[in-house]
Amino acid sequence: MHPQIQPFFDEFTNTISYVVRDPGSMACAIVDPVLDFDPASARTDTKSADAMIDYVESHGLDCRWILETHVHADHLSAAPYIRERLGGKLAIGGRITVTQETFGPIFNARQDLASDGSQFDHLFEDGDQFFVGRLSARAIHTPGHTPACMTYLIGDAAFVGDTLFMPDFGTARADFPGGDARTLYRSIRKIYALDPETRLFMCHDYLPEGRTEHRWETTVGEQRRSNVHMRDDVTEDEFVAMREARDIQLGMPKLILPSIQVNIRAGRMPPAEDNGTVYLKLPVNVLGTPHSPEEAGPRTQ
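Analysis parameters
- Throughout, a residue's number is its position along its own chain's written sequence, starting from 1.
- Reporting of local features is limited, given that this is a predicted model, to residues whose pLDDT is at least 70; pairs of side-chain atoms are given and counted only at 80 or more, and all residues count toward the totals for whole chains, interfaces and linings.
- For the side-chain quantities, the full set of heavy atoms in the structure was used; hydrogens and water were omitted.
- Take the buried residues of types Ala, Val, Leu, Ile, Met, Phe, Trp, Tyr and Cys, join any two whose side-chain atoms come within 4.5 Å, and each joined set is a nonpolar core.
- Only protein chains enter the area calculation, which uses a 1.4 Å probe; residues under 20% of their type maximum are buried, those over 50% are exposed, and those in between are partly exposed.
- Helix numbering and strand numbering both begin at the N terminus, where a helix is a DSSP run of H or I of at least 4 residues and a strand a DSSP run of E of at least 2.
- Only heavy atoms matter for contacts: two residues are in contact if any of them lie within 4.5 Å across the pair.
- Strands pair, by our definition, only if DSSP identifies at least two bridges between them.
- In this description, a line fitted to the C-alpha atoms serves as the axis of each element, helices being fitted only across the stretch in contact, and the angle between N-to-C directions of two axes falls anywhere from 0 to 180 degrees.
- Angles are sorted into four bins: roughly parallel if under 35 degrees, roughly antiparallel if over 145, roughly perpendicular if 65 to 115, and oblique for all others.
- Should the near helix be turned anticlockwise from the far one by less than a right angle, the crossing is left-handed, and should it be turned clockwise, the crossing is right-handed.
- Residues are grouped as follows: nonpolar covers Ala, Val, Leu, Ile, Met, Phe, Trp, Tyr, Cys and Pro; charged covers Asp, Glu, Lys and Arg; every other residue, Gly included, is treated as polar.
- Salt bridge criterion: a side-chain nitrogen from Lys or Arg within 4 Å of a carboxyl oxygen from Asp or Glu.
- The criterion for an aromatic pair is that two Phe, Tyr or Trp rings (for Trp, the six-membered ring) have centres within 6.5 Å, with stacked assigned to planes under 30 degrees apart, edge-to-face to planes over 60 apart and tilted to the rest.

Asker: Hey, could you run me through the nonpolar core in this one?
Answerer: Note that soluble globular proteins tend to have their nonpolar side chains buried in a common cluster. Counting 39 residues, the largest nonpolar core has Val19, Ile30, Val56, Ile82, Leu86, Ile256 and Ile260 as its most contacted members. Contributing elements (two or more residues each) for this core: strand 3 (27-31), strand 4 (34-38), helix 1 (47-58), strand 6 (62-67), helix 2 (79-86), strand 8 (89-93), helix 3 (96-106) and helix 7 (256-263). Excluding its chain neighbours within four sequence positions, the residues that come into contact with Ile256 are Ala73, Phe176 and Leu287. Among the nonpolar cores identified, the runner-up in size contains 25 residues, and Ile140, Val160, Ala181 and Phe239 belong to it.

Spelled out as structure tokens, the structure:
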């Protein structure tokens, strides 16, 4: 149960997307694909998604799943575009409904946004089993960063979204609406309960001080031994105190406003207005606290 994994790194958002292949068949899954977005011009591009599509097609793979680990606040999802080209079921955690209920009012999207998760093909609950070809897989609910965060354990590889970063960088922030540091601690403990040799694949890497090469693969054992925020000997209260003190100093990710309102719609843009143009909203003085521009960034740590 050792899937073949091809990463795709997006430098602008520091996001790693994955093609996960069953070595015993041509079946594959795609995890957290990126739609390129220029915030200055509000123009989109599919260069990153096309690279994943080209890989799947050139290797003759059969896309069975497009898996979102959560509603991303740092990049727009390319899931609908990839599904149109490759097929497969678009899936996310069942608690997406909580995220939609939380953020729908922020963008005044009640009339055009159903809050039942129906934009997705499949909603996973904690412990749900599924298959990628012959590979057995399991969905693990790991909230805290957001209510809908899922870890996907496919064979011996777990895709943890933003819940964990590389050991020298730490853990996700927990101050977004619906986030909670204590819940995050307990979710990380669920991941740490997996076999120590389980491979863990990150959704982001931001190059902490002293490291010059991006990394995105580690193991449960390595995280338990050396994660700078969450080693085995860190208590829940210690973690919560650290996380809350750190989060209050963080600016909002640069793409949070466009990303959230697209990603709660499963990667689709809001409906076009009567002039045929699609608009993304910027709710003023709603999220976060004032920070200087250099303090803001793509980071969700």
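Asker: Would you take a moment to explain the pairing of strand 3 for this structure?
Answerer: Consecutive side chains of a regular strand alternate in pointing toward one face of the sheet and then the other. Taken across its 5 residues, strand 3 has 5 buried, putting it largely inside the fold. Sheet topology places strand 2 (residues 15-21) next to strand 3; 4 bridges connect them, and they run antiparallel. Counted as the bridge partner of Tyr18 is Val31 from strand 3.

Asker: Where do I start with the packing of helix 1 against helix 2 in this structure?
Answerer: Packed helices, taken two at a time, are described by their axes: the angle between them and the distance between them. Direction vectors running N to C along helix 1 and helix 2 enclose 25 degrees, while the axes themselves pass 10 Å from each other. In terms of orientation, helix 1 lies roughly parallel with respect to helix 2. Where helix 1 crosses over helix 2, the two elements pack in a sense that is right-handed. Taken together, the residues of helix 2 that come into contact with helix 1 (itself represented by Ala49, Asp50, Met52, Ile53, Val56 and Glu57) are Tyr81, Ile82, Arg85 and Leu86. For the contact of helix 1 with helix 2, the residue count by class is 7 nonpolar, no polar and 3 charged.

Asker: Is there a simple way to explain the sheet that holds strand 6 in this structure?
Answerer: What holds strands together in a sheet is hydrogen bonding between their backbones, with the strands either parallel or antiparallel. Taking strand neighbours across the sheet as the criterion, the 6 strands line up as 1-2-3-6-8-9 in an open arrangement whose pairing is mixed. Every other strand in the sheet has two partners, leaving strand 1 (4-10) and strand 9 (122-124) as the edge strands with one partner each. Neighbour-to-neighbour, the strand axes of this sheet turn through a mean angle of 25 degrees, independent of strand direction. Across 3 bridges, the pairing between strand 6 and strand 8 is parallel. In the sheet register, Trp65 faces strand 8, and the bridge partner there is Lys89. Strands in contact with helix 2 are strand 3, strand 6 and strand 8; relative to strand 6, the strand with the most contacts, it is inclined by about 165 degrees.

Asker: Help me out: how do you make sense of the pattern of salt bridges in this one?
Answerer: A side chain of one charge can pair with a side chain of the opposite charge when the charged atoms of the two come close. Enumeration according to the criterion identifies 16 salt bridges in this entry. The salt bridge partner of Arg224 is Asp232, with a shortest N-O separation of 2.9 Å. Look at Arg224 and you get partly exposed, because its relative accessible area is 28%. The class for Asp232 is partly exposed, based on a relative accessible area of 37%. The shortest N-O distance in the salt bridge between Asp233 and Arg231 comes to 3.1 Å. The class of Asp233 is exposed, set by a relative accessible area of 53%. Through salt bridges with shared partners, a single network forms among Arg182, Arg186, Glu236 and Asp237.

Asker: Quick question: what am I supposed to make of the packing of aromatic side chains here?
Answerer: The description of an aromatic ring pair uses the distance of the two centres, along with the angle that the planes make with each other. Taken as a whole, this structure holds 14 aromatic pairs when the rule is applied. Ring geometry for Phe159 versus Phe201: centroids 5.2 Å apart, planes at 20 degrees, classification stacked. Of this pair, Phe159 sits in strand 13 (residues 157-159) while Phe201 sits in strand 14 (residues 199-201), and the two are 42 residues apart along the sequence. Neither residue differs from the other here; Phe159 and Phe201 are each classed as buried. Put simply, the rings of Trp65, Phe124, Phe130 and Tyr152 pair up and form one aromatic cluster.

Just distances and angles here, no functional claims.
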